[in-house]
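A structural walkthrough
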Amino acid sequence: MRDTLETMRGRLAETPHLMRLGRLFTETVQLRVDDAEYYLDFEKGALVAITEGPSRKTPYRFALVTDGEALARFWEPLPAPGFHDIFGLVKLGRARIEGDILTLVKNLRFFKEFMALARREAVQ
Amino acid sequence: MTAIEPITGRYLTVTVEGAPRRIYFEEAGAGRPVLCLHTAGADTRQWRHLMNDAEVTASHRMIAFDMPWHGKSLPPEGFETQEYLLTTDAYIETILAVIDGLGLERPVLAGCSMGGRIALQLAALHPERFSGFIAIEASDFQPAWYDIDWFHRPDAHGGEMGAALVSANISPHAPDEERWNTLWMFMQSGPGVFRGDLSFYTRDDSLIARLGQIDCTRTPVHILVGAYDLTCTPEDAERTARAIPGATLTVMDELGHFPMSEHPQGFRPFFLDALARMRQPAEAA
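Residues numbered from 1 in each chain as written. Chains lettered and ligands numbered in written order. Predicted model: local features only at pLDDT ≥ 70, side-chain atom pairs only at ≥ 80, totals over all residues. Heavy atoms only, no water.

**Some points on the interface of chain B and chain A**
Counting from both sides, the interface comprises 20 residues of chain B and, opposite them, 18 residues of chain A. With both chains or domains summed, chain B and chain A bury close to 1,600 Å², and 73% of this area falls on carbon and sulfur atoms. Counting the surface chain B buries against chain A, the share from its top three residues, Trp-150, Tyr-228 and Leu-230 of chain B, is 32%. Counting across the chain B and chain A interface gives one salt bridge. As a salt-bridge pair, Asp-155 of chain B and Lys-106 of chain A come within 2.5 Å of each other at their nearest N and O atoms. Our count for the contact surface shared by chain B and chain A stands at six residue pairs in polar contact (both at pLDDT 80 or more). The element best represented in the side of chain B that touches chain A is helix 5 (residues 158–166) of chain B, accounting for three residues. Residue classes in the side of chain B that touches chain A are distributed as 14 nonpolar, four polar and two charged. (Contact = heavy atoms within 4.5 Å. Buried area = accessible area lost by both parts, 1.4 Å probe. Salt bridge = Lys/Arg side-chain N within 4 Å of Asp/Glu carboxyl O. Polar contact = N/O pair within 3.5 Å; in protein donor to acceptor, adjacent residues only side chain to side chain. Helix = DSSP H or I, 4+ residues; strand = E, 2+ residues; numbered from the N terminus. Nonpolar A, V, L, I, M, F, W, Y, C, P; charged D, E, K, R; others polar.)

Here it is as structure tokens:
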């Protein structure tokens, strides 16, 4: 997962329209995948730090809580129904959003396209 | 590239809720009238592919109109102090006023999402005005899993948030160009309009009790649902079809919530099949 997140970080930096969409997004997002916990520090759209947890003292704006198999299916080139979107994972009961969901919604296109950045690898 | 499409657009003024509404409508083709209803937060452009389809328009007069507040139809006078909240009654009154205004004789009604919901309401309440119903991404009722107030607030762009949310309902099989054309309409939606449509869609459950009174022997009902639709899922559509005696249902494996707009080529055979299921009025029992 750490490697995948590093790949996503690199692709984000190389995706000008996402950097533009994320220019007001300076937040920490928690990503929980199975038992692992990652803190993603975004600064003006750039992912400047990926810190592995667990941590009880790191504040974050919102969290995406899911499992590795669901994410793997989300990152397939043509995901099955429900696995094609993070809110689909929520609907399937394979993910949930915690924390300040309104901040997520205000930056929804940015965050959804960031999360999908690992999908290209499967296409290659 | 230069191309002039066969679609023509005009304006019609009708009275709804006691006041005039200037309605923009488009049409193409000749033959049996098919009145097409757009989804929440969008407009007639969703139907442009089918309206440009020579096989469809060879025997059908395809008509689509922008609901008041949407597309090129203006909101009513005084809108600047009104809260737009669509209701079943106003929606029905608008559709019937357009049918009367255009002099349509028992059209087929094709509606998607909230348009599919109101098509089923009309199948229950005013079947004599129509010759059949193609209810796309249509179901009895689903409460919102989101907060509709997200889409109308002074500190964020409701259209961009709405587009980002509804993108969850578009199939990954949809071509990128049409995915983004579909989302553009939501991005362009007027302030509070998507919210006002969703108020109708997510709060009015009056259809549930009316489904059993739909008589498919007089007016056929065919429901189409995309497997990638998270809002009106195949389970929602199947439950709805079961409650309507005689209704038929097709699940479209590679499509989402905006099939005529997000993936026109993928949707085309399903729509042609649906049209073929709509018996001419003389054939009806």
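**A few points about the sheet that holds strand 1 (residues 8–16) of chain B**
Pairing between the strands of a sheet is mediated by backbone hydrogen bonds and can be parallel or antiparallel. All names here are of chain B. The mixed open sheet is built from eight strands, whose spatial order is 1-2-4-3-5-6-7-8. A single partner strand is all that each edge strand has here, and the edge strands are strand 1 and strand 8 (248–252). Mean inter-strand twist for the sheet, computed between neighbouring axes without regard to direction, equals 20°. Of the strands in this sheet, strand 7 (221–226) and strand 8 are in contact with helix 8 (residues 234–242), which crosses strand 7 at around 165°. (Pairing = 2+ DSSP bridges. Axes fitted to C-alpha atoms, helices over the stretch in contact; angles between N-to-C directions.)

**Topic: empty space enclosed by the protein**
Residue and element names in this part refer to chain B. For the structure on display, the rule yields one cavity of 30 Å³ or more. Quantified by volume, the largest cavity comes out at close to 150 Å³. Around the largest cavity sit 16 residues that line it, and Tyr-146, Val-166, Phe-194, Leu-198 and Thr-231 are the ones nearest its centre. Residue assignment for the lining of the largest cavity shows that the elements contributing at least two residues are helix 5 and helix 7 (193–203). Ranked by residues supplied to the lining of the largest cavity, first place goes to helix 7 with three residues. (1 Å grid on protein atoms, 1.4 Å probe; cavity = no way out; pocket = protein on both sides within 12 Å on 5 of 7 lines; lining within 4 Å. Points joined across faces, edges and corners; volume = space filled by probe spheres on them.)

**A short note on the packing of aromatic side chains**
One pass over the full model with this rule turns up 22 aromatic pairs over all chains. Here the aromatic rings of Tyr-146 of chain B and Phe-151 of chain B are separated by 6.1 Å at their centres, their planes lie at 70°, and the arrangement is edge-to-face. Here Tyr-146 of chain B and Phe-151 of chain B have matching classes, each one buried. Three or more aromatic residues link up through ring pairs in this structure, and these residues are Phe-87 of chain A together with Trp-145, Tyr-146, Trp-150, Phe-151, Phe-186, Phe-194 and Phe-258 of chain B. Directly above the ring of Phe-83 of chain A sits Arg-73 of chain A, whose terminal nitrogen or CZ lies 3.9 Å from the centroid. Above the face of the Phe-74 of chain A ring, Arg-119 of chain A is positioned so that its terminal group lies 4.5 Å from the ring centre. (Phe/Tyr/Trp six-rings, centres within 6.5 Å; stacked < 30°, edge-to-face > 60°. Buried < 20%, exposed > 50% of the residue type's maximum accessible area, 1.4 Å probe, protein only. Lys NZ or Arg CZ within 6 Å of the ring centre and 35° of its normal.)

**Quick look at the layout of surface pockets**
Considered as a void within the structure, the largest pocket measures approximately 1,200 Å³ in volume. Of all elements in the fold, only helix 2 (16–21), helix 5 (101–106), helix 6 (108–115) and helix 7 (119–123) of chain A together with helix 5 and helix 6 (176–188) of chain B reach the threshold of two or more residues within the lining of the largest pocket. Within this model, the second largest pocket holds a volume of roughly 250 Å³. Lining the second largest pocket are 17 residues; nearest its centre among them are Glu-17, Arg-21, Trp-69, Tyr-84 and Ala-90 of chain B. Contributing elements (two or more residues each) for the lining of the second largest pocket: strand 2 (19–28) and helix 3 (88–102) of chain B. Residues of the lining of the second largest pocket, tallied by class, amount to 10 nonpolar, three polar and four charged.

**Digging into unusual backbone geometry**
Residues Gly-53 of chain A and Pro-54 of chain A are joined by a peptide bond in cis, for which omega reads 0°. Take Pro-54 of chain A: it is sitting in the loop between strand 3 (46–52) and strand 4 (62–66). The phi torsion at Ser-113 of chain B lies on the positive side, around 60°, for a residue other than glycine. When you line up the elements, Ser-113 of chain B lands in the loop between strand 5 (108–112) and helix 4 (114–125).

**Some remarks on the UniProt feature "domain: AB hydrolase-1" (unreviewed entry) in chain B**
The UniProt record annotates "domain: AB hydrolase-1" (unreviewed entry) at residues 34–267 of chain B. With 36% helix and 13% strand, the stretch residues 34–267 of chain B has end C-alpha atoms that lie 16 Å from each other. (UniProt positions renumbered as here; feature names shortened; annotations may be inferred.)

**Some points on the packing of helix 3 of chain B against helix 4 of chain B**
Helix packing geometry: the angle between the two helix axes and the distance between the axes. All names here are of chain B. Two elements in contact, helix 3 and helix 4, have axes separated by 10 Å at closest approach and are oriented at 80°. Viewed along their axes, helix 3 and helix 4 adopt a mutual orientation that is roughly perpendicular. For the pair helix 3 and helix 4, contact is made by Thr-88, Tyr-91, Ile-92, Ile-95 and Leu-96 and by Met-114, Gly-115, Ile-118, Gln-121, Leu-122 and Leu-125, respectively. A per-class count over the contact of helix 3 with helix 4 returns eight nonpolar, three polar and no charged. (Parallel < 35°, antiparallel > 145°, perpendicular 65-115°, else oblique.)

**Here we look at the pattern of salt bridges**
Applying the stated rule across the entire model yields 25 salt bridges over all chains. Across the salt bridge formed by Glu-6 of chain A and Arg-9 of chain A, the nearest N and O atoms sit 3.0 Å from each other. Of this pair, Glu-6 of chain A and Arg-9 of chain A both sit in helix 1 (residues 2–13), three residues apart, roughly one helical turn. Glu-6 of chain A sits in the partly exposed class, given a relative accessible area of 29%. The partner of Arg-61 of chain B in a salt bridge is Glu-27 of chain B, with the nearest N and O atoms 2.7 Å apart.

**Things to note about the nonpolar core**
Among the nonpolar cores identified, the biggest contains 105 residues, and Leu-40, Phe-114 and Met-115 of chain A together with Ile-95 and Val-221 of chain B are the most heavily contacted of them. Apart from the residues within four sequence positions on either side, Ile-95 of chain B is in contact with Leu-35, Leu-37, Phe-65, Leu-109, Ile-118, Leu-122 and Phe-130 of chain B. With 24 residues, the next largest nonpolar core counts Val-56, Met-62, Met-252 and Met-278 of chain B among its residues. (Core = buried A, V, L, I, M, F, W, Y, C linked by side-chain atoms within 4.5 Å.)

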